[in-house]
Amino acid sequence: MNEQEEWLNLVDEHDQVIGQITREDAWAKRQPVRVINAFLVNSRGELWIPRRTASKWMFPGCLDMSVGGHVERGEDYLSAFKRETLEELNLDVDALDWREIAPLSPLKTNLSAFMRVYEITTDSTPDFNPADFSEASWLTPAELPTRINAGEPAKGDLAELVRRCYP
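Cut-offs used in this document
- Residues numbered from 1 in each chain as written.
- Predicted model: local features only at pLDDT ≥ 70, side-chain atom pairs only at ≥ 80, totals over all residues.
- Heavy atoms only, no water.
- Helix = DSSP H or I, 4+ residues; strand = E, 2+ residues; numbered from the N terminus.
- Rg over C-alpha atoms; globule rule 2.2 N^0.38 Å.
- Buried < 20%, exposed > 50% of the residue type's maximum accessible area, 1.4 Å probe, protein only.
- Areas by Shrake-Rupley, 256 points an atom, 1.4 Å probe, with all protein chains shown as cover.
- Lys, Arg positive; Asp, Glu negative; His and termini not counted.
- Charge placed at Lys NZ, Arg CZ, Asp CG, Glu CD.
- Pairing = 2+ DSSP bridges.
- Core = buried A, V, L, I, M, F, W, Y, C linked by side-chain atoms within 4.5 Å.
- Contact = heavy atoms within 4.5 Å.
- Expected span 1.5 Å × (residues − 1).
- Polar contact = N/O pair within 3.5 Å; in protein donor to acceptor, adjacent residues only side chain to side chain.
- Salt bridge = Lys/Arg side-chain N within 4 Å of Asp/Glu carboxyl O.

1. Considerations on the overall build of the protein chain
Here's step 1: For the protein chain, the helix and strand inventory stands at four helices and eight strands.
Here's step 2: When the helices and strands of the protein chain are placed in sequence order, the string is β-β-α-β-β-β-α-β-β-β-α-α.
Here's step 3: A globule of 167 residues ought to have a C-alpha radius of gyration of about 15 Å, and the protein chain, at 15 Å, matches this closely.
Here's step 4: Seen along its three principal axes, the alpha-carbon backbone of the protein chain occupies a region of about 40 × 35 × 30 Å.
Here's step 5: Looking at the protein chain as a whole, 48% of its 167 residues qualify as buried.
Here's step 6: Surface accessibility of the protein chain: about 8,400 Å² in total, with carbon and sulfur atoms responsible for 48%.
Here's step 7: The protein chain carries 18 positive and 29 negative side-chain charges, and their two centres are separated by 4 Å.

Below, the structure is given as structure tokens:
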């Protein structure tokens with residue numbers, strides 16, 4: 001299945017599932033869907049920030065969250081977090097120190113979707129999937145917005161998530 005054929009849960013203003021929609025239609029029609037995002041944080045308080053591959057359908061070559069993805073049809077947030085972390089970083093969250101740090105709504109923020117944000121604590125650099133990311137850096141929460149403000153291309157919600165989760 002390619003990215004355009006991915007089926008997602010369509011949700012109402014209370015984040016309750018009311019149907020299904022393709023990923024392509026959800027973004028084209030700006031329909032509310034669910035996503036997860038996560039940050040790897042090391043003992044120095046730095047965030048592991050990867051760069052998306054140039055072949056990505058959305059935000060190619062941009063800085064990204066450590067982990068991110070859509071909650072697929074029939075899936076819940078936690079299952080999506082576990083799946084995406086394994087797919088993108090080859091990490092099993094059940095063997096890691098992690099926590100949910102924020103449930104967020106697009107109705108109360110400038111964010112693109114309903115989301116849950118997680119934090120994984122580790123000093124290890126992950127063996128990331130080269131189909132998802134081309135490189136990565138450990139950056140402080142203050143360094144990241146400085147790079148974005150200086151013109152570094154970044155995924156749409158990245159700066160806002162860092163501002164909200166790591167003030």
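2. Considering the pairing of strand β4 (residues 47–52)
Here's step 1: With six of its six residues buried, β4 lies for the most part within the structure.
Here's step 2: What you see with β4 is no split at all: Leu-47, Ile-49 and Arg-51 on one side and Trp-48, Pro-50 and Arg-52 on the other are buried throughout.
Here's step 3: Sheet topology note: the β4/strand β8 (residues 133–139) ladder contains six bridges and is antiparallel. Counterpart to Pro-50 in the pairing with β8 is Ala-136.

3. Regarding the nonpolar core
Here's step 1: The biggest cluster of nonpolar side chains holds 26 residues, and the ones touching the most others in it are Phe-39, Ile-49, Val-117, Leu-144, Leu-158 and Leu-161.
Here's step 2: Per-element tally for this core: the top contributor is helix α4 (residues 158–165), with four residues.
Here's step 3: With residues near it in sequence (within four places) discarded, Phe-39 still touches Leu-47, Ile-49, Met-65, Ser-66, Val-117, Tyr-118, Glu-119, Ile-120, Leu-158, Leu-161, Val-162 and Tyr-166.
Here's step 4: Ranked by size, the runner-up nonpolar core spans 17 residues in total, among them Ala-38, Val-67, Val-93 and Ile-120.

4. Section: α4
Here's step 1: Taken as a whole, α4 has its buried residues at Leu-158, Glu-160, Leu-161, Val-162 and Cys-165.
Here's step 2: Lining the buried residues of α4 we find β3 (34–41), β4, β6 (97–104), β7 (114–121) and α3 (143–149).

5. Points about helix α2 (residues 77–89)
Since the α-helix packs 3.6 residues into each turn, any two residues three or four apart lie on the same face.
Here's step 1: Taking 1.5 Å per residue, 13 residues should reach 18 Å; α2 reaches 17 Å between its end C-alpha atoms and fits that length.
Here's step 2: Taken residue by residue, α2 has Tyr-77, Ala-80, Phe-81, Arg-83, Glu-84, Thr-85, Glu-88 and Leu-89 as its buried positions.
Here's step 3: Tucked inside the fold, the buried residues of α2 contact β3, β4, β5 (67–70), β6, β7 and β8.
Here's step 4: Where α2 begins, the side chain of Asp-76 points an oxygen toward the backbone nitrogen of Leu-78, at a separation of 3.4 Å.

6. Quick look at the side chain of Asn-42
Here's step 1: By secondary structure assignment, the location of Asn-42 is in the loop between β3 and β4.
Here's step 2: Looking at Asn-42, the relative accessible area reads 4%, which means it is buried.

7. Here's the deal with the pattern of salt bridges
Here's step 1: Evaluation of the coordinates by the stated rule reveals 18 salt bridges.
Here's step 2: Of the charged contacts, one joins Asp-132 and Lys-56 as a salt bridge, the two residues approaching to 2.7 Å between their closest N and O atoms. One end of the pair, Asp-132, is in the loop between β7 and β8; the other, Lys-56, is in the loop between β4 and β5, and 76 residues separate them in sequence. Taken as a pair, Asp-132 and Lys-56 share a single burial class, namely buried.
Here's step 3: Across the salt bridge formed by Glu-100 and Arg-116, the nearest N and O atoms sit 3.9 Å from each other. Of this pair, Glu-100 sits in strand β6 while Arg-116 sits in strand β7, and the two are 16 residues apart along the sequence.
Here's step 4: Residue Glu-100 is classed as partly exposed on the basis of its relative accessible area of 34%.
Here's step 5: Linked through salt bridges whose partners overlap, the residues forming this network are Glu-72, Glu-75, Arg-83, Glu-84 and Glu-87.

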